[in-house]
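So the chains spell out like this:
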Amino acid sequence: MEAEGGASGPGERWAPVGAVSAEEEEEEEDDDDEVAAGDRSPQSVARLQAERRRLHGALLALASHFAQVQFRLRQVARAGPAEQQRLLRDLEDFAFRGCPAPLPHGLGAAPGEQEKQEQIEVQKEKQRELILQLKTQLDDLETFAYQEGSYDSLPQSVVMERQQMIINELIKKLDMDLSEDIATLSPEELRQRVDAAIAQIVNPARVKEQLVEQLKTQIRDLEMFINFIQVKPEDATRMRETGLQLMRRMLAVLQIFAVSQFGCATGQIPHTFWQKDQDNNKDFSPLIKKLELSVERVRQLALEQQQAEHGFCSSELQDVPLGGRDELTLAVRRELTVALRDLLAHGLSASSPGMSLVLAPIACLIPALTPSPRTMHPWELFVKYYNTKNGQAFVESPARKLSQSFALPVTGAVAATPKQSLLAAIHTVLTEHGPFKRSADSELKALVCLALNEQRLVSWLNLICKSGALVQSHYQPWSYMASTGFESALTLLSRLSNLKFDLPVDLAVRQLKNIKDAF
């Protein structure tokens with residue numbers, strides 16, 4: 001380009017910035033010799049030396065300025081069309097800015113204090129301008145070298161700009177107060193402020209982490225506790241078998257001890273030790289016959305009532321005579337429930353027959369002290385089932401309370417299981433009959449009526465029959481329940497499963513409730 005050629009020849013190159021040729025050095029030496037030969041006064045020598053330094057500084061400034069022009073021209077030549085316009089405007093501004101003035105030196109006589117102070121201020125201002133220009137030149141040089149690929153790292157100005165952006169974002173995030181001048185703060189004070197700002201963010205997070213860990217620990221402990229109290233059926237069976245084995249071993253040891261010390265054995269146990277004579281109680285056929293007759297009687301009355309109701313339209317059902325209904329209700333409460341009660345009570349007792357096995361090895365020593373077991377009402381068997389299955393906790397659960405309040409099913413569209421419905425039915429009977437101190441017969445009659453209304457009598461009785469713990473604890477081995485599993489009775493009762501009943505459940509307490517409501 002023409003700017004690079006100038007007035008010199010096409011092959012001539014400019015000397016490096018700040019370089020001085022040997023001829024110029026010889027001319028300067030000749031001038032110094034002439035000055036030394038012509039005028040050797042100290043003042044003239046100092047003036048000439050100052051003039052020389054001033055001229056040398058101006059030469060350096062001019063050479064540096066021209067080198068910058070060369071550098072910018074090279075950038076313009078290598079830049080694209082869109083970038084050339086901006087670089088040309090920058091070059092124009094830089095070219096008309098002029099060369100920086102050389103630093104002033106003292107000339108002539110010694111200046112006064114005020115002139116000296118002014119010179120110092122002017123010198124400082126010139127130094128600041130020179131430093132700014134040098135920084136600008138260094139940034140331009142680093143940018144050009146980075147663009148050319150000869151400089152690996154980013155230019156210092158770009159690095160500082162990004163670092164400043166990161167620092168500003170950290171100040172905003174940490175909410176630091178840097179209203180004071182950072183230059184007035186020591187490094188230790190800056191470190192303390194940064195630590196305090198970080199602590200405001202980190203400490204709450206640490207507290208939250210500790211709280212989360214504590215909650216996790218408590219949840220794990222709760223899960224372990226729930227797993228402990230909710231024993232699986234397989235585990236319960238295994239534990240029961242283990243307990244029975246230990247009991248048998250203990251009984252065997254106790255029997256050996258009784259034979260060796262007291263001379264009695266299991267063969268010497270008197271027959272009066274057992275609660276009843278098994279041979280006289282094995283015949284339960286009359287009870288089965290009684291139940292069969294009552295089932296057939298209830299079935300016939302239910303069919304007659306349904307046929308009578310079908311003869312009326314739905315609007316006339318309220319005017320149907322209640323004689324048939326009352327007869328059916330009496331048949332269920334006085335015949336069917338009584339027959340079912342007697343069959344359930346066969347061999348039923350409050351004490352477990354296993355207790356006699358514990359005392360068997362030494363029964364010869366206490367035959368007269370053994371009391372007969374207390375009889376037990378079948379309704380108490382249902383209450384024990386209710387208690388062993390945590391019926392009250394099930395019925396009073398928040399889900400069931402909400403479902404009762406809003407008339408919604410507990411399990412959604414899924415029907416309640418026989419176990420759930422039985423627990424709810426027992427709870428209903430206890431709630432309605434308990435406050436009025438009604439008899440066990442009245443409560444059992446209410447449960448049977450409720451079972452027939454829901455068509456669940458067989459399924460509810462089957463749950464009691466399948467409860468091995470209750471059967472083993474309260475039924476004698478010769479009882480109808482323990483010997484047959486109540487199968488024939490369930491077969492008879494299944495004849496009523498397809499019939500629809502609408503029996504009153506609170507018949508025994510209805511009048512008492514009305515009297516209570518009246519007062």
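First, a word on scope: everything that follows refers to the structure included in this document. Only a predicted model underlies this, so the values are computations on that prediction, with no experimental measurement involved.

**Some thoughts on the overall build of the protein chain**
Logical step 1: Looking only at helices and strands, the protein chain has 22 helices and zero strands in total.
Logical step 2: The buried share of the protein chain, taken over its 519 residues, is 24%.
Logical step 3: Summed over all atoms, the accessible surface of the protein chain reaches about 35400 Å², with 56% contributed by carbon and sulfur.

**What about the nonpolar core?**
Logical step 1: Formed by 55 residues in total, the largest nonpolar core has its most connected members in Leu291, Leu340, Phe382, Leu452, Leu461, Phe486 and Phe501.
Logical step 2: The residues touching Leu452, leaving out its near neighbours within four places in the chain, are Val332, Leu336, Leu457, Leu496, Phe501 and Leu503.

**Side note on the packing of helix H13 (residues 378-388) against helix H18 (residues 457-466)**
The geometry of a pair of packed helices is captured by two quantities: the angle between their axes and the separation between those axes.
Logical step 1: H18 packs onto H13 with a crossing angle of 75 degrees between their chain directions and a minimal axis gap of 11 Å. Comparing the axis directions of H13 and H18 gives the class roughly perpendicular. Listed contacts from H18 to Leu381, Phe382 and Tyr385 of H13 are Leu461, Leu463 and Ile464.
Logical step 2: Taken together, the residues of the contact of H13 with H18 break down into six nonpolar, no polar and no charged.

**Section: unusual backbone geometry**
Logical step 1: At Lys437, a residue that is not glycine, the phi angle is positive and equals roughly 55 degrees.
Logical step 2: Following the sequence through the fold, Lys437 ends up in the loop between helix H16 (418-433) and helix H17 (440-453).
Logical step 3: A relative accessible area of 73% means that Lys437 is categorised as exposed.
Logical step 4: Backbone geometry at Phe486 places phi at a positive 65 degrees, although glycine is not the residue there.

**Digging into the packing of aromatic side chains**
Logical step 1: Across all of its chains, the model carries three aromatic pairs by this definition.
Logical step 2: Between Phe284 and Tyr480, the ring centres sit 4.8 Å apart and the planes meet at 65 degrees, which makes this aromatic pair edge-to-face. Of this pair, Phe284 sits in the loop between helix H9 (278-281) and helix H10 (285-310) while Tyr480 sits in helix H20 (residues 480-484), placing them 196 residues apart in sequence. Across this residue pair, the class does not change: Phe284 and Tyr480 are buried.
Logical step 3: Between Tyr480 and Phe486 the ring centres are 5.3 Å apart and the planes differ by 65 degrees, which places this aromatic pair in the edge-to-face class. Neither residue differs from the other here; Tyr480 and Phe486 are each classed as buried.
Logical step 4: By way of ring pairs, the aromatic residues Phe284, Tyr480 and Phe486 are connected into one cluster.

**Considerations on H18**
Logical step 1: Those residues of H18 that fall on the buried side of the exposure criterion are Leu457, Trp460, Leu461, Ile464 and Cys465. Seen from one end, H18 has its buried residues packed into an arc of 145 degrees, which puts them on one side.

**Quick look at the environment of Arg54**
Logical step 1: Turning to its location among the elements, Arg54 is positioned in helix H3 (residues 42-78).
Logical step 2: Separated by 2.4 Å, the side chains of Arg54 and Glu51 make a polar contact.

What counts and what doesn't
Residues numbered from 1 in each chain as written. Predicted model: local features only at pLDDT ≥ 70, side-chain atom pairs only at ≥ 80, totals over all residues. Heavy atoms only, no water. Helix = DSSP H or I, 4+ residues; strand = E, 2+ residues; numbered from the N terminus. Buried < 20%, exposed > 50% of the residue type's maximum accessible area, 1.4 Å probe, protein only. Areas by Shrake-Rupley, 256 points an atom, 1.4 Å probe, with all protein chains shown as cover. Core = buried A, V, L, I, M, F, W, Y, C linked by side-chain atoms within 4.5 Å. Contact = heavy atoms within 4.5 Å. Axes fitted to C-alpha atoms, helices over the stretch in contact; angles between N-to-C directions. Parallel < 35°, antiparallel > 145°, perpendicular 65-115°, else oblique. Nonpolar A, V, L, I, M, F, W, Y, C, P; charged D, E, K, R; others polar. Phe/Tyr/Trp six-rings, centres within 6.5 Å; stacked < 30°, edge-to-face > 60°. Arc of directions from axis to C-beta. Polar contact = N/O pair within 3.5 Å; in protein donor to acceptor, adjacent residues only side chain to side chain.

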